[in-house]
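# Reading the structure
One letter stands for each residue in the lines below.
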Amino acid sequence: MSGPLIVLVGPMGVGKSTVGELLAARLGTSCRDTDADIVATAGKAIPEIFFDDGEEHFRALERQAVRDGIDRHTGVLALGGGAVLDAEIRALLAARPVAYLSMDVDEAVRRVGLNTARPLLAVNPRRQWRELMDTRRPLYEEVATVTVATDARTPEEVAQAIIEALELPEHDGPPVPSGQEETRMTEQGTTRIQIAGTAGTDPYEVLVGRQLLGELPKLIGDRAKRVAVLHPEALAETGEAVREDLAAQGYEAIAIQLPNAEEAKTVEVAAYCWKALGQTGFTRTDVIVGVGGGATTDVAGFVAASWLRGVRWIAVPTTVLAMVDAAVGGKTGINTAEGKNLVGAFHPPAGVLCDLAALDSLPVHDYVSGMAEIIKAGFIADPVILDLVEADPQGARTPAGPHTAELIERSIRVKAEVVSSDLKESGLREILNYGHTLAHAIEKNERYKWRHGAAVSVGMVFAAELGRLAGRLDDATADRHRAVLESVGLPLTYRGDQWPKLLENMKVDKKSRGDLLRFIVLDGIGKPTVLEGPDPAVLLAAYGEVSA
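Reading the values: rules and limits
Residues numbered from 1 in each chain as written. Predicted model: local features only at pLDDT ≥ 70, side-chain atom pairs only at ≥ 80, totals over all residues. Heavy atoms only, no water. Core = buried A, V, L, I, M, F, W, Y, C linked by side-chain atoms within 4.5 Å. Buried < 20%, exposed > 50% of the residue type's maximum accessible area, 1.4 Å probe, protein only. Contact = heavy atoms within 4.5 Å. Helix = DSSP H or I, 4+ residues; strand = E, 2+ residues; numbered from the N terminus. Pairing = 2+ DSSP bridges. Axes fitted to C-alpha atoms, helices over the stretch in contact; angles between N-to-C directions. Phe/Tyr/Trp six-rings, centres within 6.5 Å; stacked < 30°, edge-to-face > 60°.

### With respect to the nonpolar core
Among the nonpolar cores identified, the biggest contains 96 residues, and Val206, Ile288, Ile375, Ile408, Ile412, Tyr434 and Phe462 are the most heavily contacted of them. In contact with phenylalanine 462, other than residues within four places in its own chain, are Leu438, Trp499, Phe519, Leu539, Ala542, Tyr543 and Val546. Formed by 22 residues, the second largest nonpolar core is a distinct cluster that contains Leu27, Met103, Ile162 and Ile163.

### With respect to the pairing of strand β4 (residues 98–102)
Burial within β4 is extensive, with five of its five residues counted as buried. Neither face of β4 is left uncovered, since the one carrying Val98, Tyr100 and Ser102 and the one carrying Ala99 and Leu101 both have all their residues buried. With three bridges joining them, strand β1 (residues 6–9) and β4 adopt parallel strand pairing. Across the sheet, residue valine 9 finds its bridge partner in β4, namely tyrosine 100.

### With respect to the sheet that holds strand β9 (residues 252–258)
Strands sit in the order β6-β7-β14-β11-β10-β8-β9 across an open sheet of seven strands; the sheet is mixed. Looking at strand neighbours, the two that pair on one side only are β6 (191–195) and β9, the edges of this open sheet. Ignoring which end each strand starts from, the neighbouring axes of this sheet average 15° apart. By the bridge criterion, four bridges tie strand β7 (residues 204–209) to strand β14 (residues 351–355) in an arrangement that is parallel. In the sheet register, glycine 209 faces β14, and the bridge partner there is aspartate 355. In the packing of helix α12 (residues 267–280) onto the sheet, contacts are made with β8 (226–232), β9 and β10 (287–292), and the angle to β9 comes to roughly 160°. Against the sheet, helix α13 (residues 294–306) engages β8, β9, β10 and β11 (312–317), with an angle of about 170° to β10.

### Notes on the packing of aromatic side chains
Per the counting criterion, the structure on display carries six aromatic pairs. With a centroid separation of 4.9 Å and 25° between ring planes, the pair formed by tyrosine 100 and tyrosine 140 is classed as stacked. Of this pair, tyrosine 100 sits in strand β4 while tyrosine 140 sits in helix α7 (residues 125–143); the two residues are 40 residues apart in sequence, bridging distant segments of the chain. On the accessibility criterion, tyrosine 140 (0% relative accessible area) is buried. For the pair phenylalanine 462 and tryptophan 499, a centre-to-centre distance of 6.1 Å together with 45° between the ring planes defines the contact as tilted. With phenylalanine 462 in helix α20 (residues 452–469) and tryptophan 499 in helix α22 (residues 499–506), the pair connects residues that are 37 residues apart, well separated along the chain. In this pair, the class of phenylalanine 462 matches that of tryptophan 499, namely buried. Taken together, the ring pairs in this structure connect Phe462, Trp499, Phe519 and Tyr543 into an aromatic cluster.

What follows is the structure, encoded as structure tokens:
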């Protein structure tokens with residue numbers, strides 16, 4: 001029987017999306033989430049579907065999403081909490097491997113009880129949870145091949161329990177790119193990477209491929225009347241072309257031109273955007289589209305987060321840096337005189353379109369700058385990235401290289417896994433800041449004239465030396481930082497006389513707690529950890545290793 005390798009069912013908040021991604025990685029396949037498919041089809045969040053169209057309409061969309069998933073997906077398929085209410089869906093699940101993820105009421109309320117974005121659990125969560133489960137528990141048990149309790153278990157432990165219970169064959173080779181099945185089924189070779197929703201946010205997809213702008217109207221949806229396309233001055237023609245295309249689709253589309261690069265990330269620019277939205281009559285159902293590099297997507301997301309306390313937005317990143325970092329994960333912000341990204345909000349996009357064709361005309365220095373974030377992903381989570389770069393450093397410096405798509409997809413998957421578990425940087429997400437503490441200090445010291453990737457490169461060498469001096473990192477891995485970064489043309493040093501200024505700048509880093517400096521260091525490749533309050537002499541010695 002063709003179809004999914006395994007289907008996950010269970011109540012809202014039980015962690016099906018997170019466990020699904022972990023299972024997919026262990027089994028060498030990909031994960032598909034029917035809730036994400038529904039959002040993409042409807043062009044709006046699930047709570048909005050319930051409010052605007054009613055539960056019956058949502059269930060019809062869900063039924064179709066499950067049909068498509070079972071017909072077309074061969075990996076891990078995660079279903080919404082109420083999918084088993086539908087008799088047709090239960091029939092589709094008959095004789096298929098289904099894991100029911102369960103949790104008790106106390107755990108349920110802890111995870112989702114205060115989340116008003118859950119449309120069926122918004123008044124008295126404990127009582128409504130019991131009522132929901134009285135109806136649904138027998139149905140979960142009816143379709144389940146195995147039941148796995150999630151209480152007091154980590155997602156990794158839940159995934160392991162499912163593998164053992166169903167005797168699923170684990171994948172021995174390198175990780176298989178998420179969305180591999182989708183890539184084979186898409187004529188343009190598009191990879192779809194799922195970002196799981198967390199408390200109060202909806203799941204969304206990052207699409208990687210070519211000729212992706214046709215996906216934009218699907219993401220915007222038919223509920224929006226107006227669309228604002230934010231773009232930098234350098235992409236004026238591109239921004240206008242996107243605006244014209246959306247206007248031809250029937251939207252009231254406007255283009256808002258931003259300054260180039262970091263000059264766009266100011267409160268004055270944000271205020272200019274707010275004024276344009278106000279004059280256009282922008283409402284809560286309308287959509288912002290950010291077309292450009294990391295600075296543009298940061299501003300677009302921040303404006304979307306702050307206008308009417310939050311409107312939907314879509315990222316169309318056009319640089320390597322924006323594709324693998326800035327546009328994914330929902331961290332938005334602007335700079336102030338006191339530091340970079342100190343004013344911002346966590347506001348995930350409704351979707352991200354990474355059109356690789358945009359990289360073909362990217363200046364080589366900008367392309368190489370983005371490689372720093374890719375290499376970072378290799379050191380903190382996916383060593384295959386490092387192997388690919390080392391196998392062909394010159395190829396890694398150009399979009400025409402043989403591994404371009406894989407490097408970008410792998411980097412996005414690293415970030416996707418982290419932000420799906422920790423949207424608001426309360427723990428795990430800090431590892432994405434590897435090398436960034438010193439990097440942000442350098443950028444501020446240079447008045448944001450340095451490319452972000454260049455600063456991150458120096459910051460990673462510094463972090464590697466700090467880890468080595470603190471007795472956390474072996475010599476070979478520390479030296480590998482220098483070799484890999486230098487091989488693609490990234491800098492390894494900064495001015496030695498600037499240490500006092502850099503130290504002061506680092507004290508206002510977002511990871512700092514009071515006067516306590518905190519750095520992400522490595523215990524080994526793929527083993528990031530936090531180093532708190534290192535000895536000032538050790539910090540100085542580490543900086544001495546990157547001083548020019």
